[in-house]
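Structural characterization, general
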Amino acid sequence: MSKSTKDIIIRILTHSVLLLVLFVLQSMFFSRLRIFGIAPLILPVAVVGVALFEGPSWGGGFGVAAGLFCDVGFPETAVFFTILLTLVGMGVGLLSAFYLTRGLASFLLCSALALALIAFLQMFAFLVFDGVSPGPLLRTGGLQTLYSILFAFPLYYFVRRISRRGKTDPL
Amino acid sequence: MKEFLKRRGLIIIIVALFLSAATLVTLHATGSQSTVVTNTVNVVLEPVKGGIKGLVDTLEDLYGFMYKYDQLKAENDELRTQVTELEQTRKDMEELESQNNELREALNLDEQIRELEKVEATVTQWSSSNWSSTYTISKGEESGIAIGDPVISPGGELVGQVREVGNRWATVSSIVDPSISVGATAGNEGAIAAGDFVLMQQGCLKLTNVPSGAELVTGDTVYTSGAGEVIPPGLVIGAISRVEKEDSGLTSYAVIEPAYSLGQLGMVFVITDYNYS
């Protein structure tokens, strides 16, 4: 087995473990550790991190897997996260390949934008189709985004460390 | 390719995100089962999701074993005490039933019989979603559970309705989930007990569609009416905690506090069939 193949396999395994650990934390641990009744979304932040450091292919792949796990965990979303996180992974990967520096500031910015987009889409249907007033929706969406963005700090160091195991062409 | 992506990448991303956002909002709004797109994607993803669900169930079992042992032990001790108390209550009930039968015979009253076919299950996981209130239970299609089946607490209070079923698991919308809508009665008035996004965050639901002129009284118990014949009549939903005006100011609605504390749910019963005469 060549060194590059071995590196890829190790990296896939590391990302799979990261995905599983984060899913367990998101769905079983932090679902009980709610702040103002709100639980955080950790997996989208991880998708942004992987995409930023590994590029669009890895970002998209990690996005599909993370999206599937999210859709399994949230019964109200059949394919919502699978589609959205795949696009987020590919999008952030492309941005990082051409426009963004791979640092904490870019990570925080992209995570905030991705989380805000998710919150907006989640509240949009309630706002338009169920006639819920915007105040409580904005509060829920805002708190969800703020609580989730906190996880960008520890995740930044994890995904950066994993990406340093071997350098590949981001595209 | 790289040059093309460098020049057009940002536009492609923006267009893709816009299109996906529009698609996702439409899918979300029209319901997860009702469109061709959703069904097609679900058919493709279902085996993958099934595999992930199996893995998740194993992890949940492991988590439950590691972290819930002390909690289960305490629950077990409490349940032993309750069994002793219930044994005494049962004896008292038998005596009362005998007296009741004698009185019914004396007054020539028809007897109302309600037979519920129930499947016992345990709550394995609460969803971490901030936009719904759902939980997963340990039984599914193999035990005869179907979508729409009502779920009750050990005390017989309505605590949810089955939303999604797998072979050995089912997802239940709790009684305060915004998707819940159940025929209800309070006092002598027929109405609808429905989930509401804002009240969900307070752990409550709404009694709406109340006939004009009806008097809603704080403390009144709200029961299921049996309308639609999906949920049997007479199940306790909760009690009216306050009465408020709708945004229009013309009609009122009541806020219902569920009879069973949802945070305490451990064991539940799914009603798979019932007879009421």
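Just above, that's the structure.
Residues numbered from 1 in each chain as written. Chains lettered and ligands numbered in written order. Predicted model: local features only at pLDDT ≥ 70, side-chain atom pairs only at ≥ 80, totals over all residues.

Remarks on the overall build of chain B
Along the backbone of chain B there are four helices and twelve strands. When the 277 residues of chain B are sorted by exposure, 30% land in the buried category. Partitioning the contacts of chain B with sequence separation of at least 6, the portion at a separation of at least 24 is 54%. (Helix = DSSP H or I, 4+ residues; strand = E, 2+ residues; numbered from the N terminus. Buried ≥ 20, exposed ≤ 12 C-beta atoms within 10 Å, placed from the backbone. Contact = placed C-beta atoms within 7 Å.)

Regarding the environment of G131 of chain A
Residue and element names in this part refer to chain A. Among the secondary structure elements, G131 is positioned in the loop between helix 5 (104-129) and helix 6 (134-149). Exposure remark for G131: the 9 C-beta atoms within 10 Å place this residue in the exposed category. Sequence-wise, G131 and I10 are 121 residues apart; in three dimensions their C-alpha atoms are separated by 49 Å.

Overview of the pairing of strand 4 (residues 158-165) of chain B
Each regular strand shows side chains that alternate between the opposite faces of the sheet. Residue and element names in this part refer to chain B. Across the eight residues of strand 4, seven count as buried, placing the element largely inside the fold. Strand direction decides the pairing type here: strand 3 (residues 150-152) and strand 4, joined by three bridges, are antiparallel. Of the residues in strand 4, the one forming a bridge with P150 is Q161. Between strand 3 and strand 4, which follow one another and run antiparallel, lie five residues, and G156 among them has a positive phi close to 95 degrees. Relative to strand 5 (residues 170-174), strand 4 runs antiparallel, the two being bridged by five bridges. Within strand 5, the position partnered with E164 by the bridge is T171. Hairpin connection of strand 4 to strand 5: four residues between the antiparallel strands. (Pairing = 2+ DSSP bridges.)

Observations concerning the sheet that holds strand 7 (residues 189-194) of chain B
Residue and element names in this part refer to chain B. Strand order in the closed barrel formed by six strands is 6-7-8-11-10-9, with antiparallel pairing between adjacent strands. Direction aside, the axes of adjacent strands within the sheet are offset by 40 degrees on average. Inspection of the sheet shows strand 9 (residues 221-224) paired to strand 10 (residues 236-245) by three bridges, in the antiparallel sense. Bridge pairing in strand 10 places V222 opposite G238. (Axes fitted to C-alpha atoms, helices over the stretch in contact; angles between N-to-C directions.)

A short note on helix 6 of chain A
The first and last C-alpha atoms of helix 6 of chain A sit 22 Å apart over 16 residues, in line with the 22 Å expected at 1.5 Å per residue. Among the residues of helix 6 of chain A, those classed as buried are L137, T140, G141, Q144, T145, Y147 and S148 of chain A. (Expected span 1.5 Å × (residues − 1).)

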